[in-house]
Amino acid sequence: MLSTNRQDYIKDLEEVVFMFSTGSDLDISHEQKTADDEYFDKFTLNGKVYEFKAQKHAETALELKRYEKRFSKLALYKILSEHYGENLPWGALTGIRPVKMARSFIGGFESEFKKVFSVRDDKIALTRDVIKTQCKILDRNAEFSDFYVGVPFCPSRCVYCSFISEEISKSKYASLYTDALVKEINGSVNLTPKVRAVYLGGGTPICLNKGDLIKILSALSPLIKDGVEFTVEAGRPDEITSEKLEILKSFGVTRVCVNPQTFKDETLKIIGRKHTGADIIEKFKLAKSYGFDINCDVIAGLPEESFSDFKSTIDKIIELSPENATVHTLSLKKGSVLKERTARLTAGELDKMLTYAYSALKGAGYEPYYLYRQKYMAGNFENVGYAKKGKACVYNVDVMEETSDNVACGANAVSKVVIKSEERIERYGAPKDIKTYIDKVDEIIEEKKKLFGENKKA
C-alpha cells in the first residue's frame, strides 16, 4: 500500500517500489513539504519513519518540479535498498531512456550516475559505450525525420506480449485496417520534407495477405529514395517466404527483422511460437540471400531458460552474423498472458546472461548503439541493441533518443515533433483500439496535420 500527498508522484513512486517488490508486503506513506529554499520528504515504511531534506537549486518552475520528484524517488530508493539489503544495477534510475538522461548532464554523466543514483559501474560503462557509438549517427543529417507505420496483427500471440496486436486468423479487421492505414499514410507522406528512416512494424506486417502488404508498401513508395533506411518487421520465420521477401525487395526495403527470441524448441512452444529453432536459421539464411541487412531480437529471462540455454542462443546469433542483434530483458507487462500467470520475476541468472551477451557480442565485433529500459523488467535491467560497425539501425537511435520528428501511422502510433529551441516534444497518439482507429482515421489525419503544421520548425 502506498499513499502520498503528491498524487502527481504516485506512479513514479510505485515504479520505484516495483523495482524491489510487488508492494503487497509494504505499507508506505509519503509527505513532501517545500519552503523558500528547501524541500522536505517524510516517508513511513511499515511504521518506521525516514526524513530527508535538500536545498532547492532550480532556475525555472519546470526544473523545480523535476528535481522535487527526483528527490522523492531517490529517497524512496534509498529506503527500500536498505530495507531489502539490495542494490540494483541501475540504482534509482527508473526512466525509459538512461542515455538521453546521461546526455543532459553538462560536463559528464558518470559522477551523477554513480554518486546520486547509485548506478553500477558496468552500467555506466555500457551507457558510455552507447553514447560513443551514437555520436556517429546523431551528428549526421540531424534535420531529417522518421516515418513509422504500425500493423497490429500476428500469426499468434506470444505469452510475454502486451501490444494491441490481434491474431490475424481470428481478426475481421485486417483488410479494413489496411485500407484505413493506406489512407492515413497518403495523408501523412507530405507532413515532413526530409525522411531518412522508414519503419514498418507491428505486430508482424508480413502476416498480411499479399494484396494488403503491397497496398501499404505502395503507399510508402514516395518516401523511399536513395539513402533512406527502410526496415520491415518480418519477425516470425513461419511467415517469411521467398514471395514476400521478393515483394519487400522490389519496394526498396533495406533491412528486415528476423526475431528468434530463443533457439530452444521447448521454450518456443512455451512462449506461443509455431516454429522451431531450425526454422529460424533456414529463414534467416533465405532473407540474407536477398541482400537485406538483418536485425535479430533475443530475450534473456524467458520461462524455464537457464544461462546455458541463453548462452547457446547468443552463440548462434554470433554464428549467423546479423548486422544487428538486440538483447531484451523479459518484462512482465500488463496485458500479457505471462503477467497474468506470474506475479513477479526474480533476477535469477539474468545478470550473468546479460554480462555474457555484452562481452560475447563486443568480442565478435558488435557495438552497443541503443539502450532502453521498461517498467516491470526482471532484475531492473535493460534492453540493448548491438550492431556491426556502420550497420546501426538509424530509426532505433532516433526513436530512443527522441532527436528527430516522427510521423507515425496506425493504431496506437504516436507522432512526435521535437522542438529543439524549447527543449520539448509535442505528441499526438492515435487510438489503441483497432475498430476505433478505422472509424476515426479522417480525424486522426487532421490532428496530425495540425500537430506538424502548428509546430513546424523554420
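Residues numbered from 1 in each chain as written. Predicted model: local features only at pLDDT ≥ 70, side-chain atom pairs only at ≥ 80, totals over all residues. Heavy atoms only, no water.

It is worth spelling out the overall build of the chain at this point. Scanning the chain for helices and strands turns up 16 helices and 17 strands. Relative to its length of 458 residues, the chain is compact, with a C-alpha radius of gyration of 23 Å against a globular reference of 23 Å. When the backbone C-alpha atoms are referred to their principal axes, the chain occupies close to 65 × 55 × 40 Å. The buried share among the 458 residues of the chain stands at 54%. Pairs at least 24 apart in sequence give 71% of the contacts found in the chain among residues at least 6 apart. Carbon and sulfur atoms provide 50% of the accessible area of the chain, an area that totals close to 20400 Å². (Helix = DSSP H or I, 4+ residues; strand = E, 2+ residues; numbered from the N terminus. Rg over C-alpha atoms; globule rule 2.2 N^0.38 Å. Buried < 20%, exposed > 50% of the residue type's maximum accessible area, 1.4 Å probe, protein only. Contact = heavy atoms within 4.5 Å. Areas by Shrake-Rupley, 256 points an atom, 1.4 Å probe, with all protein chains shown as cover.)

Turning next to the sheet that holds strand 1 (residues 2-4). An order of 1-2-3-4 is seen for the four strands of this open sheet, with the pairing classed as mixed. Looking at which strands have only one partner, the edges of the open sheet turn out to be strand 1 and strand 4 (48-55). Across the sheet, the mean angle from the axis of one strand to that of its neighbour is 15 degrees, orientation sign disregarded. One ladder, built from eight bridges, connects strand 3 (residues 38-45) with strand 4; its direction is antiparallel. Within the sheet, the bridge partner assigned to leucine 45 lies in strand 4 and is lysine 48. (Pairing = 2+ DSSP bridges. Axes fitted to C-alpha atoms, helices over the stretch in contact; angles between N-to-C directions.)

Attention now moves to helix 8 (residues 242-250). Along helix 8, the residues that are buried comprise Lys244, Leu245, Ile247 and Leu248. Along the axis of helix 8, the buried positions cluster into a sector of 155 degrees, meaning they face one direction only. Along its buried surface, helix 8 packs onto helix 7 (210-220), strand 9 (229-235), strand 10 (255-258) and helix 10 (277-289). Downstream of helix 8 by one or two residues, glycine 252 has phi in the positive range, about 85 degrees. (Arc of directions from axis to C-beta.)

Under the counting rule described, the total for this entry stands at 35 salt bridges. A salt bridge links lysine 73 to aspartate 12; its shortest N-O distance comes to 3.9 Å. Of the two residues, lysine 73 sits in helix 2 (residues 61-84) while aspartate 12 sits in helix 1 (residues 10-20), which places them 61 residues apart along the sequence. Between lysine 362 and aspartate 129 there is a salt bridge whose closest N-O contact spans 3.1 Å. Pair noted here: lysine 362 is in helix 13 (residues 350-363) and aspartate 129 is in helix 5 (residues 121-138), with a separation of 233 residues, a long-range link. (Salt bridge = Lys/Arg side-chain N within 4 Å of Asp/Glu carboxyl O.)

Take the pairing of strand 17 (residues 424-429) next. Direction of pairing for strand 16 (residues 414-419) relative to strand 17: antiparallel, over a ladder of six bridges. The residue of strand 17 that forms the bridge with lysine 416 is arginine 427.

Moving on to the packing of aromatic side chains. To describe a pair of aromatic rings, you give the distance between the ring centres and the angle between the ring planes. Going through the model one piece at a time under the given rule, you end up with 15 aromatic pairs. Ring plane angle 70 degrees and centroid distance 5.1 Å describe the contact between tyrosine 39 and phenylalanine 71, whose orientation is recorded as edge-to-face. Highlighted residues: tyrosine 39 in strand 3 and phenylalanine 71 in helix 2, separated in sequence by 32 residues. Here tyrosine 39 and phenylalanine 71 have matching classes, each one buried. (Phe/Tyr/Trp six-rings, centres within 6.5 Å; stacked < 30°, edge-to-face > 60°.)

Of note, the bond from glycine 202 into glycine 203 is cis; its omega dihedral lies within 30 degrees of zero at 10 degrees. Relative to the elements of secondary structure, glycine 203 occurs in the loop between strand 8 (195-202) and helix 7. The backbone of serine 118 sits at a positive phi, close to 60 degrees, despite the residue not being glycine. Relative to the helices and strands, serine 118 is located in the loop between helix 4 (110-116) and helix 5. According to the relative accessible area criterion, serine 118 is partly exposed, its value standing at 37%.

With 123 residues, the main nonpolar core has Phe147, Ile185, Ile216, Leu248 and Tyr437 as its most contacted residues. Tallying contributions element by element places helix 13 first for this core, with seven residues. Residues Leu138, Tyr370, Ala387 and Met400 belong to the second largest nonpolar core, which totals 16 residues. (Core = buried A, V, L, I, M, F, W, Y, C linked by side-chain atoms within 4.5 Å.)

The next thing to look at is the side chain of glutamine 134. Mapped onto the fold, glutamine 134 is located in helix 5. We classify glutamine 134 as buried; its relative accessible area is 0%. A distance of 3.1 Å separates a polar atom in the side chain of glutamine 134 from a polar atom in the side chain of glutamate 401. Sequence-distant contacts of glutamine 134, that is, excluding residues within four places in its chain, are made with Val99, Arg103, Tyr369, Tyr370, Val397 and Glu401. (Polar contact = N/O pair within 3.5 Å; in protein donor to acceptor, adjacent residues only side chain to side chain.)

The next point concerns the packing of helix 11 (residues 307-320) against helix 13. In contact at an axis separation of 10 Å, helix 11 and helix 13 are set at 20 degrees when each is read in the N-to-C sense. Taken as axis vectors, helix 11 and helix 13 run roughly parallel relative to one another. In terms of crossing hand, the pair formed by helix 11 and helix 13 is right-handed. For the pair helix 11 and helix 13, the contacting residues are Phe307, Phe310, Lys311, Ile314, Asp315 and Ile318 in the first and Lys352, Met353, Tyr356, Ala357, Ala360 and Leu361 in the second. Taken together, the residues that form the contact of helix 11 with helix 13 break down as nine nonpolar, no polar and three charged. (Parallel < 35°, antiparallel > 145°, perpendicular 65-115°, else oblique. Left-handed = near helix turned anticlockwise from the far one by under 90°. Nonpolar A, V, L, I, M, F, W, Y, C, P; charged D, E, K, R; others polar.)

Right, let's get into helix 13. Here helix 13 is 14 residues long and its end C-alpha atoms lie 20 Å apart, about the 20 Å a rise of 1.5 Å per residue gives. Regarding helix 13, the residues found buried are Leu350, Met353, Leu354, Tyr356, Ala357, Ala360 and Leu361. Axial view of helix 13: buried residues confined to an arc of 160 degrees, hence all on one face. In this structure, the buried residues of helix 13 make contact with strand 11 (293-300), helix 11, strand 12 (324-329), strand 13 (366-372) and strand 14 (383-388). Backbone geometry just downstream of helix 13 places glycine 365 in the positive-phi region, at approximately 95 degrees. (Expected span 1.5 Å × (residues − 1).)

Moving on, we come to the packing of helix 6 (residues 174-186) against helix 16 (residues 441-454). Direction vectors running N to C along helix 6 and helix 16 enclose 20 degrees, while the axes themselves pass 10 Å from each other. Taken together, helix 6 and helix 16 sit at an angle that is classed as roughly parallel. Note that helix 6 runs across helix 16; the crossing there is right-handed. Along its contact with helix 6, which presents Ala180, Lys183 and Glu184, the element helix 16 presents Val441, Asp442, Ile444, Ile445 and Lys448. Counted by class, the contact of helix 6 with helix 16 contains four nonpolar, no polar and four charged residues.

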